[in-house]
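Overview (structure and organization)
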There are 2 protein chains.
Amino acid sequence: MTGELRVIPVRGLPEIGEGDDLGALIAAAAQLENGDVVVVAHKVVSKAEGRTVRLADLEASPQARDLADGEDPRRLEAILRESARLVRTRPPLVIAETHHGFVCASAGVDASNAPDLGTLVLLPVDPDASAQQLRTRLQESTGRDVAVIVSDSFGRAWRQGTTDVAIGCSGLAPLLDLRGRRDATGYELHATVIAVADELAGAADLVRGKTDGVPVAVIRGFKPHGVGTAREMVMPPERDLFR
Amino acid sequence: MTGELRVIPVRGLPEIGEGDDLGALIAAAAQLENGDVVVVAHKVVSKAEGRTVRLADLEASPQARDLADGEDPRRLEAILRESARLVRTRPPLVIAETHHGFVCASAGVDASNAPDLGTLVLLPVDPDASAQQLRTRLQESTGRDVAVIVSDSFGRAWRQGTTDVAIGCSGLAPLLDLRGRRDATGYELHATVIAVADELAGAADLVRGKTDGVPVAVIRGFKPHGVGTAREMVMPPERDLFR
């Protein structure tokens, strides 16, 4: 049984740019303990990894212009390049499946919190690898054994608003599988798999805010266990009723 | 800017049955403070409200038998009665829109944590009203001004696992609307609405477990503000790309 959790914003990080040693910066700003879950907004991961694109460097294809509906078609071009498949479109809104398999608005391409107004931030090429590298760097810098989640804000079908979810993870099992356990009345919880990595990402978002530049939060008391990747959380096509 | 959050499991609640004064029981078990968000799993709300049905009292319709695929067709009958519309079916799996407008598996009908093995637990008739009543009762019992969320575990399109979301809420705005604010670079966050009530519900789930009988958690430090209902979180049909 889990005890109390603490969700702690990490303050004092500088503005992140390409090539920055994000792990060392987080290690210096946070007082990490063994078993902490460090949740990092993908924006700073992407910026450190140089996963940004300048609008001025993009040329809009005819499809991008069709989808732009009065917005900058070069932004749509960036979205198309990050998409494996378009799931729904209502120009200029695009819901896409990314090359990682995530289904989200604009294939994760975002202009908010970008380095400057002419730049878009993309998702990391491999957010699970990003999480693993950050975890290794945090352990090297602090000597603490922590888990790392890289998060993004996703919309949801049928519900308004976004919640943060895990798009990369290292050092914990993102899905807590209770199948086969029994509840207090003896009923077997045969379909209960909890997306704890997403709940952790959402909890971190509550202390972070979007406008105040606090991209990292630490969750203490969760006692992460197991191993796994955020890629595992993508619903396999054969089980997906909503493709 | 939000500071640190604490997510505190509330231990020592008795097994809940129809007619129990759930608010008074929570007030006695928790040490509430002003500004706390009390997240209550709908199961105990439904049980206190008598929103359960015995399989023995149900007769399966032909449609229920068609959908059962070898499972008990009376369970499917309960699901059909709770459904305004079936969204997807892969017997015996049913994704339905409830009479409240929520889209979820089995229209929220659940056999786990039921009073006994022959009983199903339904969603409250009006979970926002349930949250409001609980809030009033908590305030009467403790003198503290708190917010209340009634939660359930929902699956998501495209992603594996469930996360807890708010199906009822009182004393806070479930959606934090950042539209019109500017980030550090001056970019207007024109489409950023955060479903904080869902993130709070998910955070509470992290300390609750499914098998250990801790249906209530308190979130301290969030500083809830505004008013609203969980019903507001349902995507309006005209904006819903996934109906």
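Up top you'll find the structure we're talking about.
Residues numbered from 1 in each chain as written. Chains lettered and ligands numbered in written order. Predicted model: local features only at pLDDT ≥ 70, side-chain atom pairs only at ≥ 80, totals over all residues.

1. Focus: the overall build of chain A
Helix and strand counts for chain A come out as six helices and twelve strands. Compactness check: chain A gives a C-alpha radius of gyration of 19 Å against a globular reference of 18 Å for 243 residues, within 12% of the reference. Seen through its C-alpha atoms, chain A measures out along the principal axes to roughly 55 × 45 × 25 Å. Counting all 243 residues of chain A, 51% fall into the buried class. A fraction of 61% describes how many contacts in chain A between residues 6 or more apart in sequence connect residues 24 or more apart. (Helix = DSSP H or I, 4+ residues; strand = E, 2+ residues; numbered from the N terminus. Rg over C-alpha atoms; globule rule 2.2 N^0.38 Å. Buried ≥ 20, exposed ≤ 12 C-beta atoms within 10 Å, placed from the backbone. Contact = placed C-beta atoms within 7 Å.)

2. Some words on the pairing of strand S12 (residues 216–220) of chain B
Residues and elements named next belong to chain B. For S12, a buried count of four out of five residues is recorded, marking the element as mostly surrounded by other parts of the structure. Two elements, strand S1 (residues 5–9) and S12, share four bridges in a ladder whose sense is antiparallel. Looking across to S12, one finds that Arg6 is bridged to Arg220. (Pairing = 2+ DSSP bridges.)

3. Focus on the nonpolar core
Judged by nonpolar contacts, the single largest core of 146 residues is most densely connected at Ile149(A), Leu200(A), Ile149(B) and Leu200(B). Shared between two domains, this core holds at least three residues of each, these being domain 1 (1–46 + 125–232) and domain 2 (52–122) of chain B. The contact partners of Leu200(B), leaving out residues within four places of it in the chain, are Leu206(A), Val37(B), Val39(B), Ile149(B), Ile219(B) and Phe222(B). (Core = buried A, V, L, I, M, F, W, Y, C linked by C-beta atoms within 7 Å. Domains from an automatic or database assignment.)

4. A few points about the packing of helix H1 (residues 22–29) of chain A against helix H5 (residues 127–142) of chain A
All names here are of chain A. Following both chains from N to C, one finds H1 and H5 inclined at 50°, their axes separated by 8 Å at the closest point. With respect to H5, the element H1 is oriented oblique. The way H1 lies across H5 gives a crossing that is right-handed. Taken together, the residues of H5 that come into contact with H1 (itself represented by Leu22, Gly23, Ala24, Ile26 and Ala27) are Leu134, Arg137, Leu138, Ser141 and Thr142. When the residues that make up the contact of H1 with H5 are grouped by side-chain class, the tally is six nonpolar, three polar and one charged. (Axes fitted to C-alpha atoms, helices over the stretch in contact; angles between N-to-C directions. Parallel < 35°, antiparallel > 145°, perpendicular 65-115°, else oblique. Left-handed = near helix turned anticlockwise from the far one by under 90°. Nonpolar A, V, L, I, M, F, W, Y, C, P; charged D, E, K, R; others polar.)

5. Overview of the pairing of strand S4 (residues 83–90) of chain A
Side-chain direction in a regular strand flips from residue to residue, so the side chains alternate between the two faces of the sheet. All names here are of chain A. Strand direction decides the pairing type here: S4 and strand S5 (residues 93–98), joined by six bridges, are antiparallel. Within the sheet, the bridge partner assigned to Thr89 lies in S5 and is Val94. Following S4, the chain reverses through two residues before pairing antiparallel with S5.

6. Observations regarding the sheet that holds strand S6 (residues 103–105) of chain B
All names here are of chain B. Here three strands make up an open sheet; going across it, the order is S4-S5-S6 and the pairing antiparallel. Across the chains shown, the open sheet's two edge strands, defined by having one partner strand only, are strand S4 (83–90) and S6. Each adjacent strand pair in this sheet contributes to an overall mean axis angle of 25°, direction not counted.

7. Structural notes on the environment of Gly70(A)
Mapped onto the fold, Gly70(A) is located in the loop between helix H3 (62–68) and helix H4 (73–82). When the C-alpha atoms of Gly70(A) and Pro91(A) are compared, they prove to be 8.9 Å apart, with 21 residues separating the residues in sequence.

8. Describing helix H4 (residues 73–82) of chain B
Among the ten residues in H4(B), eight count as buried, and that is most of the element. When H4(B) is considered as a whole, its buried residues turn out to be Pro73(B), Arg74(B), Arg75(B), Leu76(B), Glu77(B), Ala78(B), Ile79(B) and Glu82(B).

9. Points about unusual backbone geometry
Of note, the bond from Pro91(A) into Pro92(A) is cis; its omega dihedral lies within 30 degrees of zero at 5°. Within the secondary structure layout, Pro92(A) lies in the loop between S4 and S5. For Lys223(B), which is not glycine, the phi torsion reads 55° and is therefore positive. Examined against the element boundaries, Lys223(B) turns out to sit in the segment after S12. Lys223(B) gets classed as exposed once you count the C-beta atoms within 10 Å, which come to 12.

10. Overview of the sheet that holds S5(A)
Residues and elements named next belong to chain A. Within the open sheet, the three strands sit side by side as S4-S5-S6. Their pairing is antiparallel. Edge positions in the sheet fall to S4 and strand S6 (103–105), since each has one partner strand and no second. Here the average twist between neighbouring strands, direction ignored, is 25°.

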